[in-house]
Amino acid sequence: NSFVTRTNTCGELRSAHVGQKVTLYGWVQYQRQGLFLVLRDFQGLTQIIIPQDEAHSHVKKLLSNAPVESVVRVTGIVSPRPLGQENPKMPTGDIEVKAETAEILNSCKKLPFEIKDFIKKSEALRMQYRYLDLRSSQLQSNLRLRSRMVMRMREYLCNLHGFVDVETPTLFKRTPGGAKEFLVPSREAGKFYSLPQSPQQFKQLLMVGGLDRYFQVARCYRDEGSRFDRQPEFTQIDIEMSFVDQAGIQRLIEGLLQHSWPEERALIMTPFPSMTYEEALAEYGTDKPDTRFGMKIVDISDVLQGSDIHFVQNALSYPHGSIRAICIPQGMRYLTNKDLESLKESAKSQFNQEIMEIIRRPDGSLKSLLTKFLGEKEQSELIQALNMQEDDVVLLAAGEHKQVCSALGTLRLLSANLLEAAGLALRDPTAFHFLWVVDFPLFLPKAENPTELESAHHPFTAPHPSDASLLYSDPTKVRSQHYDLVLNGNEVGGGSIRIHSAEQQRFVLEEVLKEDSEVLSHLIEALEFGAPPHGGIALGLDRLISLIVDAPSIRDVIAFPKSFRGRDLMGNAPDYVTPEELEPYHIRVSWPLEEKEAKKN
């Protein structure tokens, strides 16, 4: 308080302050019948007693008539609350301040919504009046926790491990592959900057420049609209190191998270477990598994391969065919027939995958369309393979390996949601399960043209040392030195060891990805001037914080986020500019016909 005119904040007064004269500033949280009001600031709440005597009638009138959320200054004496009127739920609940003087610094007009966490407000209204929404205790808590974590990350990286905090340019040029980038016009006709989707090239160039250890709280941009866990502009904890391997990066990040982890959250244990991409897909149907609960995908191909079931034999006849299943614990008790039908419909609509169900009755027998094709031995083996208990429901899928696993992985998560909605505790909301996923493929077939390849991560990722020779003979079989960090089924970080050979980088771009390497000529040339082996990672700060505070959206941990459609509803951005403003950039807007008509009218 040495920099400001208050003597104390609204959250710090205790019984030890009784008798002291204090000056508080804050917002009127609420006021009751001209008797008392509650004053709020960033640190907490204090009850203010409104004087009732004639000598202080002007103070009574002023405070009694002050609208909620008005900013006031109050000077008064700290007093103990009357016996029996203490509030143990408030840190300041043992005291109250008897007002002697007061001043309304700024009166508040009628609010668009109440500033209370339990009041439901539409997302659009919250974002239109974000400066009011920021007054809520939840957003205040989220932003302060975020600030503390970032500060401790800086301390760990810079003070304890010699990293250099470097700001990299925001205006750059297009990067081949990856997400769509925002374009920024320049005054040179036809030439545009791009806002970088990450500082990837710059941090590699810093390694070439000999900085050895780089770090940045980096602003990044992607022109992809907005989802509940995505924003067009977002923040990464961006890291790069020279002379490091994958294990070194992983140890660094585990130490970073332990050092910066909020004390009020459950402890995290290191080292984090690790799983290959293939294992994750086979057991969880996704490359970001939620390991807080079981229900793993089980391969039952061996159990059913001797059966006479037509669709089973048909699936197993394909090169990558398999029969897999998940077991939903107590499914008959907690799930309705409608729930089971919705699960099967999800697999059909999203993956074109048929699902068969098998139920274990209370008497231990199996109920399914398949049982008439299975002998007692096969049924017993099936129960054992899936560890089926009474009232469990099994969802079975047959077909191409990746499709089957992806479908069952989605059903696993949907089933968990349904079970928890019905009252079965499955995932501990206070638990934090970190996991490294490694050995990703270096390249994947393009969705729009499977005969062409694209980078699974980005074109600067180095091949796995064991697969380096395959890069030139069969690139589809090459694993990468890419690693993802997963928390409770969400990707919160990704990185890789980089290609540091100009020749290999040029080959990947030109021969494998069929990209024009000229766009990256500056980087390729830099690799020819003694580039050290290097690698790094980026942690998605917004998503990490949102998981730590259990926020429903990353918008709840960002001070001024964009809407679902990527708009700033408070400032109404993006906005139109005049033709005169566009002229220096050699740009003319071609309006769609319906917008032309609307502008005329």
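Note that the structure is predicted; figures quoted are calculated from it, not measured.

What counts and what doesn't
Residues numbered from 1 in each chain as written. Predicted model: local features only at pLDDT ≥ 70, side-chain atom pairs only at ≥ 80, totals over all residues. Heavy atoms only, no water. Axes fitted to C-alpha atoms, helices over the stretch in contact; angles between N-to-C directions. Helix = DSSP H or I, 4+ residues; strand = E, 2+ residues; numbered from the N terminus. Left-handed = near helix turned anticlockwise from the far one by under 90°. Contact = heavy atoms within 4.5 Å. Phe/Tyr/Trp six-rings, centres within 6.5 Å; stacked < 30°, edge-to-face > 60°. Buried < 20%, exposed > 50% of the residue type's maximum accessible area, 1.4 Å probe, protein only. Lys NZ or Arg CZ within 6 Å of the ring centre and 35° of its normal. Pairing = 2+ DSSP bridges. Salt bridge = Lys/Arg side-chain N within 4 Å of Asp/Glu carboxyl O. Core = buried A, V, L, I, M, F, W, Y, C linked by side-chain atoms within 4.5 Å. Patch = residues over 30% accessible without salt bridge, like charges linked within 9 Å, V, L, I, M, F, W, Y side chains within 5 Å. Areas by Shrake-Rupley, 256 points an atom, 1.4 Å probe, with all protein chains shown as cover. Polar contact = N/O pair within 3.5 Å; in protein donor to acceptor, adjacent residues only side chain to side chain.

**Q** When you look at the packing of helix 11 (residues 337–351) against helix 13 (residues 401–421) in this model, what are you seeing that I'm missing?
**A** The N-to-C vectors of helix 11 and helix 13 enclose an angle of 145°; their axes lie 10 Å apart at closest approach. The interaxial crossing formed by helix 11 with helix 13 has right-handed handedness. Each of D339, L343, S346, A347, Q350 and F351 in helix 11 lies in contact with helix 13, whose residues at this interface are Q403, S406, A407, T410, L411, L414, S415 and L418.

**Q** Whenever I open this one, the packing of aromatic side chains confuses me. Can you help?
**A** For any pair of aromatic rings, the description rests on two quantities: the centre-to-centre distance and the angle between the ring planes. All chains considered together, the criterion is met by nine aromatic pairs. Geometrically, the ring pair formed by Y129 and Y131 is edge-to-face, given 6.2 Å between the ring centres and 80° between the ring planes. According to the relative accessible area criterion, Y129 is partly exposed, its value standing at 23%. Ring plane angle 80° and centroid distance 5.0 Å describe the contact between W261 and F432, whose orientation is recorded as edge-to-face. Remark: F432 occurs in the loop between helix 13 and strand 17 (434–438) and W261 occurs in the loop between helix 6 (246–260) and strand 11 (274–276); sequence separation between them is 171 residues. Each member of the pair, W261 together with F432, is buried. We note R412 situated over the ring of F293; from NZ or CZ to the ring centre the distance is 3.8 Å. In this structure, R427 is placed above the aromatic ring of F293, and the distance from its NZ or CZ to the ring centre is 5.5 Å.

**Q** Quick question: what am I supposed to make of the sheet that holds strand 21 (residues 490–497) here?
**A** For sheets, the rule is that strands pair by backbone hydrogen bonds, running either parallel or antiparallel. What the eight strands build is an open sheet, ordered 6-9-10-22-21-20-17-11; its pairing is mixed. Looking at which strands have only one partner, the edges of the open sheet turn out to be strand 6 (164–165) and strand 11. Pairing of strand 11 with strand 17, which is carried by three bridges, proceeds in the parallel orientation. Paired with M275 across the bridge in strand 17 is V437.

**Q** Is there a simple way to think about the pattern of salt bridges in this case?
**A** Opposite charge on two side chains makes pairing possible when the charged atoms of those side chains draw close. According to the stated counting rule, one finds 36 salt bridges in the structure shown. The closest approach of N and O atoms between E240 and R498, which form a salt bridge, is 2.8 Å. With E240 in strand 10 (residues 233–242) and R498 in the loop between strand 21 and helix 15 (502–512), this pair connects stretches of sequence that are 258 residues apart. Across the salt bridge formed by R427 and E420, the nearest N and O atoms sit 2.8 Å from each other. What makes R427 buried here is its relative accessible area of 15%. Three or more residues joined by partner-sharing salt bridges are found here, namely E123, R126, R130, D133, R555 and D556.

**Q** Just checking my understanding: could you explain the nonpolar core for this structure?
**A** Side chains of nonpolar character tend, in soluble globular proteins, to be buried together. Counting 41 residues, the largest nonpolar core has I239, I253, L257, F434 and L485 as its most contacted members. Looking at this core, the elements that each hand over two or more residues are helix 4 (137–161), strand 10, helix 6, strand 17, strand 20 (482–487), strand 21, strand 22 (534–540) and helix 17 (541–548). For this core, the element with the most residues is helix 4, which contributes six residues. Among the nonpolar cores identified, the runner-up in size contains 23 residues, and L281, I359, L395 and L426 belong to it.

**Q** Even after reading the chapter, I still don't get a nonpolar patch on the surface, so can you show me in this structure?
**A** Residues Y131, F560 and M570 make up a contiguous nonpolar surface patch of roughly 300 Å² in combined accessible area. Examined against the element boundaries, Y131 turns out to sit in helix 3 (residues 130–133).

**Q** Quick question: what am I supposed to make of the sheet that holds strand 15 (residues 366–367) here?
**A** One open sheet accounts for five strands, arranged 12-13-16-14-15; its pairing is antiparallel. Of all strands in the sheet, those bounded by a partner on one side alone are strand 12 (298–299) and strand 15. Judged from the two bridges that link them, strand 12 and strand 13 (residues 321–328) form a sheet pairing that is antiparallel. Bridge assignment links V298 to a residue of strand 13, and that residue is A325. Of the strands in this sheet, strand 13 and strand 16 (393–400) are in contact with helix 13, which crosses strand 13 at around 5°.

**Q** Explain the side chain of S553 to me, please; I cannot follow it from the model alone.
**A** Topologically, S553 is positioned in the loop between helix 17 and helix 18 (579–582). For S553, a relative accessible area of 9% corresponds to the buried category. In terms of polar contacts, S553 uses its side chain to reach the backbone amide nitrogen of R555, at 3.0 Å.

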